[in-house]
Amino acid sequence: MRLARNLAFGLVAALGAGVAQAAEIVPGDVVFRDGAVETPLTDQPGDPARGREVFSQRSQGNCIACHAVSSLSDVPWHGEIGPPLDGVAERWSEAELRGIVANAKIMFPDSMMPSFYKVTGFIRPGDGFTAKPAKEIKPLLTAQQIEDVVAFLKTLK
Amino acid sequence: MRTLIAACASAALCLGAGTGAAEGQKLVIEGQEMVTRAPAPDWHPLTEVISGWEFRDPATQALQMDDFENPAMIFVDQAREMWSTPDGAAGKSCESCHGAVEDSMKGVRAVMPKFNEEAGTLWSLEDYINNCRTARMQAEPWKWSGSEMTAMTALITLQSRGMPVAVRIDGPYQSWWEKGREIYYTRYGQLELACANCHEDHYGQMIRADRLSQGQINGFPTYRLKNAKLNSIHNRFYGCIRDTRGVPFAEGSDEFKALELYVASRGLGLSIEGPAVRN
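Residues numbered from 1 in each chain as written. Chains lettered and ligands numbered in written order. Predicted model: local features only at pLDDT ≥ 70, side-chain atom pairs only at ≥ 80, totals over all residues. Heavy atoms only, no water.

*Asks:* Mind showing me how you'd approach the overall build of chain B here?
*Replies:* The helix and strand tally for chain B stands at twelve helices and eleven strands. For 279 residues, the compact-globule formula gives about 19 Å, and the C-alpha radius of gyration of chain B, at 19 Å, lands near that figure. In terms of overall dimensions, chain B has C-alpha extents of about 65 × 40 × 35 Å along its principal axes. For chain B, buried positions account for 53% of its 279 residues. A separation of at least 24 residues holds for 69% of the contacts in chain B among residues at least 6 apart in sequence. Of the roughly 11,800 Å² of accessible surface on chain B, 52% is carried by carbon and sulfur atoms. Of the charged side chains in chain B, 28 are positive and 35 negative; the average position of the first set lies 5 Å away from that of the second. (Helix = DSSP H or I, 4+ residues; strand = E, 2+ residues; numbered from the N terminus. Rg over C-alpha atoms; globule rule 2.2 N^0.38 Å. Buried < 20%, exposed > 50% of the residue type's maximum accessible area, 1.4 Å probe, protein only. Contact = heavy atoms within 4.5 Å. Areas by Shrake-Rupley, 256 points an atom, 1.4 Å probe, with all protein chains shown as cover. Lys, Arg positive; Asp, Glu negative; His and termini not counted. Charge placed at Lys NZ, Arg CZ, Asp CG, Glu CD.)

Below is the structure:
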């Protein structure tokens with residue numbers, strides 16, 4: 001019994017370590033070429049179903065606040081600020097989509113779009129929406145969330 | 001698509017999206033017609049300035065067209081009481097010095113914020129009120145966005161309703177105005193949003209469930225259905241910068257007074273509408 005418990009503990013620890021060690025490119029190390037990012041930010045492939053959630057939910061990407069998408073007709077209130085994204089996978093390569101989601105201002109310097117995978121260069125950054133100064137700035141989306149959104153965008157053909 | 005984005009960078013062309021208001025709808029309050037659209041001054045980045053009233057839905061618009069329906073008027077009534085009630089060690093009320101609010105405060109809101117020669121600095125209406133309270137009445141100052149202050153600014157603003165916004169931007173105002181313009185175009189917070197991103201480049205368009213306006217302040221203090229109270233100009237600025245995931249300037253700060261002057265000047269020619277009703 002005790003052995004089994006130790007084995008189970010060891011297994012959980014190993015899994016935890018495995019997740020922590022998953023290759024992930026930190027925001028400062030992302031390589032942009034003409035605004036595109038060739039290399040995925042994690043070695044875990046993006047999941048379009050999770051990306052759909054990140055795209056739609058206010059507490060996550062909330063991309064829909066600015067971009068309309070016909071296939072998300074079940075989600076209320078699509079914004080008009082950015083271009084509609086129907087067929088976006090036909091217009092942009094995966095690397096371009098990744099670059100735009102990670103930091104759209106590399107490709108479009110005047111874009112209003114927030115930079116979702118950036119941690120420096122902000123003016124008066126706050127700790128979320130608390131109005132207090134940020135202690136540590138985390139990117140708006142994690143590397144995996146970026147990959148998930150890119151996977152979702154690739155379904156928009 | 002890129003061309004479309006580029007075209008929309010010039011806000012005038014984006015106006016095609018409309019304001020969400022029925023064209024030709026007039027804002028008439030108690031028989032007085034408000035100017036809700038006016039040609040912009042030469043220096044203005046837009047060609048036409050438009051009141052926030054035009055961007056709201058008909059139900060919200062209607063609330064402002066009848067003073068019995070306008071929820072802000074409850075607070076105006078409270079302020080009328082305060083106007084004539086002595087407060088502080090000097091035993092004075094507003095009325096003791098200023099007499100009838102309808103006479104003495106007419107036109108005051110239209111020129112706010114106003115440079116105070118004696119203090120050598122720019123003052124918002126709230127500064128003038130608190131100066132009266134502390135220096136003349138020997139009473140405690142009110143909190144910038146507290147219920148007494150917003151009620152009193154609403155009562156005073158009402159005395160200018162229908163008059164055109166008439167702030168000055170020359171002489172001693174110029175450096176404040178330039179500072180305000182700089183703040184207006186600075187992209188704050190982790191979302192890196194400037195006032196101009198929403199209110200100059202994308203007004204008339206939906207950001208999720210909200211229709212963006214030009215961010216005019218001629219309707220302040222404003223009763224918002226969202227929080228069911230009167231909201232000060234600086235409190236609205238505070239909320240906007242907080243929502244950029246940023247650290248706002250303090251209410252009553254020089255930065256927000258400069259921004260108040262600049263934003264007021266972007267509405268030159270519109271009628272003072274306060275206290276208005278908004279989402």
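*Asks:* Sorry if this is basic, but what is going on with the packing of aromatic side chains here?
*Replies:* In this description, an aromatic ring pair is defined by two values, namely the gap between the centres and the angle between the planes. Considering all chains together, one arrives at 13 aromatic pairs over all chains under this definition. Relative to Tyr262 of chain B, the ring of Tyr184 of chain B lies with its centre 5.3 Å away and its plane at 65°, an arrangement referred to as edge-to-face. Of this pair, Tyr184 of chain B sits in helix H9 (residues 174-184) while Tyr262 of chain B sits in helix H12 (residues 254-265), and the two are 78 residues apart along the sequence. Of the residues examined, Tyr184 of chain B reaches a relative accessible area of 3% and is grouped as buried. Their ring planes at 85° and their centres at 5.8 Å tell us that Tyr188 of chain B and Phe249 of chain B sit as a pair that is edge-to-face. Residue Tyr188 of chain B is located in the loop between H9 and helix H10 (195-199), and its partner Phe249 of chain B is located in the loop between helix H11 (233-242) and H12; the two are separated by 61 residues in the primary sequence. Relative accessible area serves as the criterion here: at 7%, Tyr188 of chain B is assigned to the buried category. Here Phe249 of chain B falls in the buried class, since its relative accessible area comes to 9%. Each member of the aromatic cluster is reached from another via a ring pair, and the members are Trp43, Trp177, Tyr184, Tyr185 and Tyr262 of chain B. Here Arg124 of chain A stacks its cationic end above the ring of Phe249 of chain B, 3.9 Å away from the centre of that ring. (Phe/Tyr/Trp six-rings, centres within 6.5 Å; stacked < 30°, edge-to-face > 60°. Lys NZ or Arg CZ within 6 Å of the ring centre and 35° of its normal.)

*Asks:* Which parts of the structure should I look at to understand the interface of chain A and chain B?
*Replies:* Put simply, an interface is often sized by how much accessible area is lost when its parts join up. Of the residues lining the interface, 40 residues belong to chain A; the matching set on chain B comes to 30 residues. When chain A packs against chain B, close to 2,900 Å² is buried across both sides, 60% of that on carbon and sulfur atoms. The tally of links from chain A across to chain B stands at two salt bridges. Taking the shortest distance from any N to any O, the salt bridge between Lys118 of chain A and Glu192 of chain B comes out at 2.8 Å. Where chain A touches chain B, the interface holds 15 residue pairs in polar contact (both at pLDDT 80 or more). A class-by-class count of the residues in the side of chain A that touches chain B yields 24 nonpolar, eight polar and eight charged. (Buried area = accessible area lost by both parts, 1.4 Å probe. Salt bridge = Lys/Arg side-chain N within 4 Å of Asp/Glu carboxyl O. Polar contact = N/O pair within 3.5 Å; in protein donor to acceptor, adjacent residues only side chain to side chain. Nonpolar A, V, L, I, M, F, W, Y, C, P; charged D, E, K, R; others polar.)

*Asks:* In this structure, what is going on with the packing of H9 of chain B against H12 of chain B? I would like to understand it.
*Replies:* A pair of packed helices is captured by two measures, namely the crossing angle of their axes and the spacing between those axes. Residues and elements named next belong to chain B. Here H9 crosses H12 at 90°, and the two axes come no closer than 7 Å. Looking at the two axes, H9 sits roughly perpendicular to H12. Here Trp176, Trp177, Lys179, Gly180, Arg181, Ile183 and Tyr184 of H9 lie close against H12, whose contacting residues are Asp254, Glu255, Lys257, Ala258, Leu259, Leu261, Tyr262, Val263 and Ser265. Residues of the contact of H9 with H12, tallied by class, amount to nine nonpolar, two polar and five charged. (Axes fitted to C-alpha atoms, helices over the stretch in contact; angles between N-to-C directions. Parallel < 35°, antiparallel > 145°, perpendicular 65-115°, else oblique.)

*Asks:* In this structure, what is going on with the sheet that holds strand E11 (residues 276-278) of chain B? I would like to understand it.
*Replies:* Strand-to-strand pairing in sheets goes through backbone hydrogen bonds, with the strands running parallel or antiparallel. Residue and element names in this part refer to chain B. Taken in spatial order, the three strands make up an open sheet running E10-E9-E11, and their pairing is mixed. In the strand order of this sheet, the two ends are held by strand E10 (229-231) and E11, each with one partner. Neighbour to neighbour, the strand axes of the sheet diverge by 40° on average, direction disregarded. Both strand E9 (residues 222-224) and E11 contribute to a ladder of three bridges, which runs parallel. (Pairing = 2+ DSSP bridges.)

*Asks:* Teacher, can you tell me more about the environment of Asp127 of chain A here?
*Replies:* Tracing the backbone through its elements, the reader meets Asp127 of chain A in the loop between helix H4 (94-107) and helix H5 (143-153). When the C-alpha atoms of Asp127 of chain A and Ile137 of chain A are compared, they prove to be 7.7 Å apart, with ten residues separating the residues in sequence.

*Asks:* Sorry if this is basic, but what is going on with the side chain of Gln205 of chain B here?
*Replies:* All names here are of chain B. Here Gln205 lies in the loop between H10 and strand E7 (206-207). Among the residues examined, Gln205 registers a relative accessible area of 7% and is labelled buried. Within the structure, Gln205 has its side chain in polar contact with the side chain of His202 (distance 2.6 Å).

*Asks:* Would you mind going over the nonpolar core with me for this structure?
*Replies:* Nonpolar side chains in soluble globular proteins tend to end up buried together. Core analysis: the largest hydrophobic core is formed by 37 residues, its most contacted members being Phe55, Ile146 and Leu153 of chain A. Elements with a minimum of two residues in this core: helix H2 (48-56), H4 and H5 of chain A. (Core = buried A, V, L, I, M, F, W, Y, C linked by side-chain atoms within 4.5 Å.)

*Asks:* Can you walk me through helix H4 (residues 72-83) of chain B in this structure?
*Replies:* One turn of the α-helix equals 3.6 residues, which is why residues spaced by three or four share an orientation. All names here are of chain B. Here H4 is twelve residues long and its end C-alpha atoms lie 17 Å apart, about the 16 Å a rise of 1.5 Å per residue gives. When H4 is considered as a whole, its buried residues turn out to be Ala72, Met73, Val76, Ala79 and Trp83. For H4, the angular spread of the buried residues around the axis is 105°, confining them to a single face. Away from the buried face of H4 by more than 90 degrees, exposed residues Ile74 and Glu81 are located. (Expected span 1.5 Å × (residues − 1). Arc of directions from axis to C-beta.)

*Asks:* I tried to follow the side chain of Arg208 of chain B on my own but got confused; where do I start?
*Replies:* As for its placement among the helices and strands, Arg208 of chain B is situated in the loop between E7 and strand E8 (210-211). With no salt bridge to any partner, buried Arg208 of chain B finds its closest opposite charge in Asp74 of chain A, at an N-O distance of 9.4 Å. At 2.7 Å, the side chain of Arg208 of chain B and the side chain of Asn62 of chain A are in polar contact. Residues in contact with Arg208 of chain B, not counting those within four places in the same chain, are Ser56, Arg58, Asn62, Ile64, Ala65, Val75, Pro76, Trp77 and Gly79 of chain A.

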